[in-house]
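For reference, the chains in residue letters:
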Amino acid sequence: MKKLIIGLFILGLTIPMHAQDPIQLPTVVLVHNYKYLDATGSEDLAVDVEQLELKVSDFNVKELDVYSEDNEFYRVFFIIPKGKILATYDEHSHLIRTAERFQDIDLPIHIKESIAERFPQWTVSKNVYLVNYYEPDNIKKMYKITLENGDKRIRIKVDDHGDFM
C-alpha cells in the first residue's frame with residue numbers, strides 16, 4: 001500500500017510538468033565584424049566609443065535605401081555628440097576601413113596614470129581619440145591631449161598603450 005501511494009504521488013508530480021508551455025529564449029545577435037571589435041577594443045575604453053563601435057560592427061548595408069548590388073563600396077557616417085566614425089563597407093557588409101574621431105572622452109586609467117607620472121602638476125583640459133582601422137592587421141590608435149598648468153599649455157600625443165610619441 002505504501003508503494004502504491006508513493007507511486008501515485010510521483011506520477012501526480014510528473015504529469016503537470018509535461019503540460020507547461022515551452023520557454024522562449026531571447027534571439028541571438030551575431031556580430032558581423034568581430035575582427036574589428038577585437039582590433040579596436042580595449043578594457044578601459046569609454047562607453048560612448050564602445051557603443052558606437054558596436055553599431056559600426058553590426059551595420060548591414062543591405063538595409064540601406066540606396067543599396068544596389070552594382071555598388072562596390074559604401075561609406076557610412078556614424079555620429080554621436082562626442083565623436084564620429086566614417087566606415088567603408090563592401091557590398092556584403094564586410095567592414096573594410098574606418099576613420100574615427102572622438103573628443104573629450106573619458107581617458108583609460110593607464111593613459112591617465114602615464115600622464116600623471118610624466119607630468120605630475122598638469123591637468124587634462126582637452127583630448128581627442130583617433131583610430132584608423134584598415135582590415136584587422138593595420139590599426140592605429142592615438143590620443144592627442146592638451147595639458148594645463150596654471151596659464152601654461154602643452155599638447156602631447158600618446159598611443160593606446162600609454163607610450164608618448
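Everything here concerns the structure above.
In what follows, the accompanying structure is described.

What counts, and where the lines are drawn
- Residues numbered from 1 in each chain as written.
- Predicted model: local features only at pLDDT ≥ 70, side-chain atom pairs only at ≥ 80, totals over all residues.
- Heavy atoms only, no water.
- Helix = DSSP H or I, 4+ residues; strand = E, 2+ residues; numbered from the N terminus.
- Buried < 20%, exposed > 50% of the residue type's maximum accessible area, 1.4 Å probe, protein only.
- Areas by Shrake-Rupley, 256 points an atom, 1.4 Å probe, with all protein chains shown as cover.
- Arc of directions from axis to C-beta.
- Contact = heavy atoms within 4.5 Å.
- Patch = residues over 30% accessible without salt bridge, like charges linked within 9 Å, V, L, I, M, F, W, Y side chains within 5 Å.
- Salt bridge = Lys/Arg side-chain N within 4 Å of Asp/Glu carboxyl O.

## Regarding the overall build of the chain
And step 1. The helix and strand inventory of the chain stands at four helices and six strands.
And step 2. Listing each helix as α and each strand as β along the chain from the N terminus yields α-α-α-β-β-β-α-β-β-β.
And step 3. Per-residue burial for the chain yields a buried fraction of 32% across its 165 residues.
And step 4. For the chain, the accessible area works out to roughly 11,900 Å², and carbon and sulfur atoms hold 54% of it.

## What to know about helix H4 (residues 109-118)
At 3.6 residues per turn, the α-helix brings residues three or four places apart onto the same side.
And step 1. Residues Ile111, Ser114 and Ile115 constitute the buried set of H4. What you see down the axis of H4 is that its buried residues fit within an arc of 95°, all on one side. Seen from the open side of H4, the exposed residues pointing more than 90 degrees away from its buried face are Glu113 and Glu117.
And step 2. Elements that come into contact with the buried residues of H4 comprise strand S4 (123-134), strand S5 (138-149) and strand S6 (152-159).

## Quick look at a nonpolar patch on the surface
And step 1. Taken together, the side chains of Ile6, Phe9 and Ile10 present a nonpolar region at the surface, about 310 Å² in accessible area.
And step 2. By secondary structure assignment, the location of Ile10 is in helix H1 (residues 2-14).
And step 3. Judged by relative accessible area, which is 48%, Ile10 ranks as partly exposed.

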